[in-house]
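Structure at a glance
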Amino acid sequence: MIEVKQLSFSYTRTPFITDMTFSVKQGEIFGFLGTSGAGKTTLQKILIGMITSYKGSASIGGMECRRHTGRFYETIGVDFEFPTLYEKLTARQNLQFFASLYRKQPRSADELLETVGLERDGDKRVSEFSKGMKSRLTFIKSLLHDPEVLFLDEPTSGLDPTNSRLMKDLILGEKERGKTVVLTTHNMQDAAELCDRVAFIVNGKLCALDSPHNLIMSRGAARITYTYYDKGERTITCPLQQVSGDALLLSLIKENRLLSIHSSEPTLNDIFMDITGRTLV
């Protein structure tokens with residue numbers, strides 16, 4: 001669905017995005033991870049057609065992003081980190097207005113409002129909405145024209161745990177409908193839970209690209225920690241791949257003497273720091 005080949009771009013004479021190549025499959029949730037100023041937002045602007053003075057190639061659905069026509073925006077939906085709404089209009093009026101900008105038959109505004117728990121607030125002015133309500137409304141605004149590709153920038157930012165879970169379920173629901181999702185986030189839990197693959201971006205360069213699971217497992221750092229009683233509590237840690245050879249652990253299991261046992265593995269942030277020497281949080 002998305003093809004990027006030898007992409008380079010600079011705001012000045014100093015290179016910013018350098019020789020970047022990757023692809024995103026249809027129906028995939030693809031995450032961009034990187035520190036502030038790494039190039040994530042600039043890359044997103046190139047892909048949605050806001051920046052056209054790049055070198056190399058960037059295309060969506062076979063259409064070069066710098067040569068897009070009006071039809072291009074019928075195929076993509078964008079949810080910026082900050083709400084892009086008319087605050088003097090009601091939620092329903094906002095949806096009706098933005099739906100009128102597309103040729104496609106829009107999805108039902110009432111149904112979309114219901115999916116994010118705003119069905120009772122449809123006739124309320126957006127100026128009266130909380131930050132979380134605005135975030136949810138902005139998200140469904142990006143779904144109005146049923147786009148093939150969704151660009152989401154920090155979609156759970158500012159949401160409480162309940163609405164964050166709701167948002168993630170909606171994103172996964174769009175994936176089930178065959179939509180391609182490009183996600184930019186600093187939230188490692190969101191990235192690990194939602195993304196099929198993630199790309200680490202540092203100083204405009206692609207440092208790593210793989211599934212969260214493969215990136216974590218490639219470090220071989222998964223461990224088992226268990227606790228038992230022997231004249232006081234004792235805690236032992238061993239590598240996961242050596243569990244079968246841990247005679248003490250096997251005897252404790254056989255004798256039902258374990259007090260606790262759990263596994264641990266590096267987080268995406270640990271992997272990012274290991275690869276790049278930087279932290280995302």
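Our subject is the structure that appears above.
Since we're looking at a predicted model, the values are computed, not measured. (Residues numbered from 1 in each chain as written. Predicted model: local features only at pLDDT ≥ 70, side-chain atom pairs only at ≥ 80, totals over all residues. Heavy atoms only, no water.)

Right, let's talk about the overall build of the protein chain for a bit. For the protein chain, the count of helices and strands is 10 helices and 13 strands. When the backbone C-alpha atoms are referred to their principal axes, the protein chain occupies close to 75 × 50 × 30 Å. Sorting the 281 residues of the protein chain into buried and exposed places 47% on the buried side. Expressed as a percentage of contacts within the protein chain between residues at least 6 apart in sequence, the contacts between residues at least 24 apart total 65%. Here the protein chain has roughly 14,500 Å² of accessible surface; of this, 49% comes from carbon and sulfur atoms. Across the protein chain, 35 positive and 34 negative side-chain charges occur, with their mean positions spaced 6 Å apart. (Helix = DSSP H or I, 4+ residues; strand = E, 2+ residues; numbered from the N terminus. Buried < 20%, exposed > 50% of the residue type's maximum accessible area, 1.4 Å probe, protein only. Contact = heavy atoms within 4.5 Å. Areas by Shrake-Rupley, 256 points an atom, 1.4 Å probe, with all protein chains shown as cover. Lys, Arg positive; Asp, Glu negative; His and termini not counted. Charge placed at Lys NZ, Arg CZ, Asp CG, Glu CD.)

Turning to the pairing of strand E12 (residues 233-239), a few remarks are in order. Here strand E11 (residues 223-229) runs beside E12; their pairing, made up of seven bridges, is antiparallel. The partner of Arg-223 across the bridge, within E12, is Pro-239. Hairpin connection between E11 and E12: a loop of three residues separates the two successive antiparallel strands, and Lys-231 in this loop has a positive phi of roughly 60 degrees. (Pairing = 2+ DSSP bridges.)

The next point concerns the sheet that holds strand E9 (residues 197-202). Overall, mixed pairing links the six strands, which are arranged E6-E7-E8-E3-E9-E10 in an open sheet. In this open sheet, the two edge strands, each paired with only one partner strand, are strand E6 (76-79) and strand E10 (205-210). Along the sheet, successive strands turn relative to each other by an average axial angle of 15 degrees, direction set aside. Two elements, E9 and E10, share five bridges in a ladder whose sense is antiparallel. Note on E10: the bridge partner recorded for Ile-201 is Leu-206. (Axes fitted to C-alpha atoms, helices over the stretch in contact; angles between N-to-C directions.)

Our next topic: the packing of helix H5 (residues 131-141) against helix H6 (residues 161-176). Relative orientation of the contacting elements H5 and H6 amounts to 5 degrees, with a least axis distance of 11 Å. One way to sum up the angle between H5 and H6 is to call them roughly parallel. Of the residues in H6, those in contact with Ser-135, Arg-136 and Phe-139 of H5 are Asn-163, Leu-166, Met-167, Leu-170 and Ile-171. Its residues placed into classes, the contact of H5 with H6 shows five nonpolar, two polar and one charged. (Parallel < 35°, antiparallel > 145°, perpendicular 65-115°, else oblique. Nonpolar A, V, L, I, M, F, W, Y, C, P; charged D, E, K, R; others polar.)

A separate point is the side chain of Asp-153. You can see Asp-153 is positioned in strand E7 (residues 149-153). With no salt bridge to any partner, buried Asp-153 finds its closest opposite charge in Lys-40, at an N-O distance of 7.2 Å. Aside from chain neighbours lying at most four places away, what touches Asp-153 is Gln-44, Asp-79, Phe-80, Glu-81 and Thr-184. (Salt bridge = Lys/Arg side-chain N within 4 Å of Asp/Glu carboxyl O.)

With that settled, the discussion passes to helix H9 (residues 247-254). If you check the start of H9, you find a side-chain oxygen 3.2 Å away from the backbone N of Leu-248, and it comes from Asp-246. Immediately downstream of H9, the backbone of Asn-256 shows phi near 55 degrees, a positive value. (Polar contact = N/O pair within 3.5 Å; in protein donor to acceptor, adjacent residues only side chain to side chain.)

Let us look at a nonpolar patch on the surface. A surface patch of nonpolar side chains, amounting to about 300 Å² of accessible area, comprises Tyr-86, Phe-97 and Leu-101. With respect to the helices and strands, the residue Phe-97 is situated in helix H3 (residues 91-99). (Patch = residues over 30% accessible without salt bridge, like charges linked within 9 Å, V, L, I, M, F, W, Y side chains within 5 Å.)

In this section: unusual backbone geometry. Of note in the backbone geometry, Asp-19 takes a positive phi value of approximately 45 degrees without being a glycine. Note that Asp-19 resides in strand E2 (residues 17-24). Non-glycine residue Asp-146 carries a positive phi angle of around 55 degrees.

Below, the discussion takes up the nonpolar core. Soluble, globular proteins show a tendency: their nonpolar side chains are buried together. Within the largest apolar cluster, 41 residues are counted, with the highest numbers of intra-cluster contacts made by Leu-137, Phe-139, Ile-140, Ile-171 and Phe-200. Beyond its immediate sequence surroundings of up to four residues, Phe-139 is in contact with Asp-79, Leu-152, Met-167, Leu-170 and Ile-171. Formed by 29 residues, the second largest nonpolar core is a distinct cluster that contains Phe-32, Met-63, Val-182 and Ile-201. (Core = buried A, V, L, I, M, F, W, Y, C linked by side-chain atoms within 4.5 Å.)

What follows covers the sheet that holds E2. Strand order in this open sheet of four strands is E2-E1-E4-E5, and the pairing throughout is antiparallel. Because the sheet does not close on itself, it has two edges, and the strands there are E2 and strand E5 (63-64). Across five bridges, strand E1 (residues 2-9) lies against E2 in antiparallel orientation. Paired with Phe-9 across the strands is Ile-17, a residue of E2. Together, E1, E2 and strand E4 (55-60) form the strand contacts of helix H1 (residues 40-47), whose direction differs from that of E1 by roughly 120 degrees.

Turning our attention to the packing of H3 against H5. Helices that pack against each other are described as a pair by the angle of their axes relative to one another and the distance between those axes. Remark: H3 packs on H5, axes separated minimally by 10 Å, with the N-to-C direction vectors making an angle of 25 degrees. The angle between the axes of H3 and H5 places the two elements in the roughly parallel class. Crossing handedness for the pair H3 and H5: right-handed. Residues Ala-91, Leu-95 and Phe-98 of H3 touch H5, and the partners they reach there are Leu-137, Ile-140 and Lys-141. (Left-handed = near helix turned anticlockwise from the far one by under 90°.)

What is shown is where atoms sit, not what they do.
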